[in-house]
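# Working through the structure, step by step
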Amino acid sequence: MRIVFVVALLLLAGCASAPRETRNACAIFEQRDGWFNNWRRTAKSVEREFGVPVPILMATIYTESGFRPYARPPRTKLLGFIPWKRQSSAYGYSQALDGTWERYQRETGRWAARRTKFSDAIHFIGWYHAQTHEKNGIARNDAYNLYLAYYSGHAGYSRGSWRSDAGVQKAARRTTSIAISYSRQLRNCPD
């Protein structure tokens, strides 16, 4: 009985941390290839459902949270040194904002979905990118513009709010670069 308990704890501990190697898609999937927590199978399922390629889904997570399940934006500083409020309500793998996450839960009926669970977060990203395709006309394989819309929101993307934000443009370029790299790696991954 103790062995089962220890094994269960070890499995859960592995789920609660970021993969060690996040720049290699094959390595990420190798690190998370369990029966119940199989990231490759989950990512492929989301790709089939929403038509957004796995490399773009994974690159979005890489840019947003570095695959850290409990990622949050940094706190602002009061008087320059006292930790204060966070810049936004972004949280988890997807860094989804509270309101956007609630809309996702409402529209998909996935009320139990959690931002700290990879399968829920990647499903959210697929759903959001598919919404972006419908609302903003961005191709599902356009990593750069999908990321701009993901960061800026659908209305912000339409207004072009990202045009004056060099930081978000740099993040979109990084997302594109990672997606290209992941795509190349995934073609050569052992199954």
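A short tour of the structure in this document, coming up. (Residues numbered from 1 in each chain as written. Predicted model: local features only at pLDDT ≥ 70, side-chain atom pairs only at ≥ 80, totals over all residues. Heavy atoms only, no water.)

### Some thoughts on the side chain of Thr116
To be explicit about the condition: Numbered from the N terminus, helices here are DSSP runs of H or I no shorter than four residues, and strands are runs of E no shorter than two. Three labels apply to residues, based on accessible area from a 1.4 Å probe with only protein chains included: buried if under 20% of the type maximum, exposed if over 50%, partly exposed otherwise in between.
In this fold, Thr116 is placed in the loop between α5 (98–108) and α6 (118–136). By relative accessible area, which is 16% here, Thr116 ends up buried.

### Examining the nonpolar core
This is how it is decided: For this analysis, a nonpolar core means a set of buried residues of the types Ala, Val, Leu, Ile, Met, Phe, Trp, Tyr and Cys, connected via side-chain atoms within 4.5 Å. Whether two residues are in contact is decided by their heavy atoms, any of which lying within 4.5 Å being enough.
The biggest cluster of nonpolar side chains holds 44 residues, and the ones touching the most others in it are Met58, Phe67, Phe118, Ile122, Phe124 and Tyr182. The set of elements that each furnish at least two residues to this core consists of α2 (25–31), α3 (39–50), α4 (54–65), α5, α6, α7 (143–152) and α9 (166–187). With 8 residues, α6 is the largest single contributor of residues to this core. Leaving out residues up to four positions away in the same chain, Met58 has contacts with Ile28, Phe29, Phe67, Phe118, Ile122 and Tyr182.

### Brief notes about the pattern of salt bridges
What counts, and what does not: Whenever Lys or Arg places a side-chain nitrogen within 4 Å of a carboxyl oxygen from Asp or Glu, that contact is recorded as a salt bridge.
What the rule picks out here adds up to 4 salt bridges. Across the salt bridge formed by Glu107 and Arg103, the nearest N and O atoms sit 3.6 Å from each other. Of this pair, Glu107 and Arg103 are both found in helix α5, 4 residues apart, which corresponds to roughly one turn of the helix. Its salt-bridge partner being Arg110, residue Asp120 comes within 3.1 Å of it at the nearest N-O pair.

### Focus: unusual backbone geometry
Phi at Phe67 is positive, roughly 65 degrees, even though this residue is not glycine. Look at Phe67 and you get buried, because its relative accessible area is 0%. Not every positive phi belongs to a glycine, and Gln95 is a case in point at roughly 55 degrees. Mapping Gln95 onto the fold places it in the loop between β2 (82–86) and α5.

### So, the environment of Ala149
Along the chain, Ala149 turns up in helix α7. Note: C-alpha distance between Ala149 and Thr132 (17 residues apart in sequence) is 6.8 Å. Once residues lying within four places of it in the same chain are set aside, the contact partners of Ala149 are Tyr128, Thr132, Ile138, His154 and Tyr157.

Taken by themselves, the reported measurements are silent on function.
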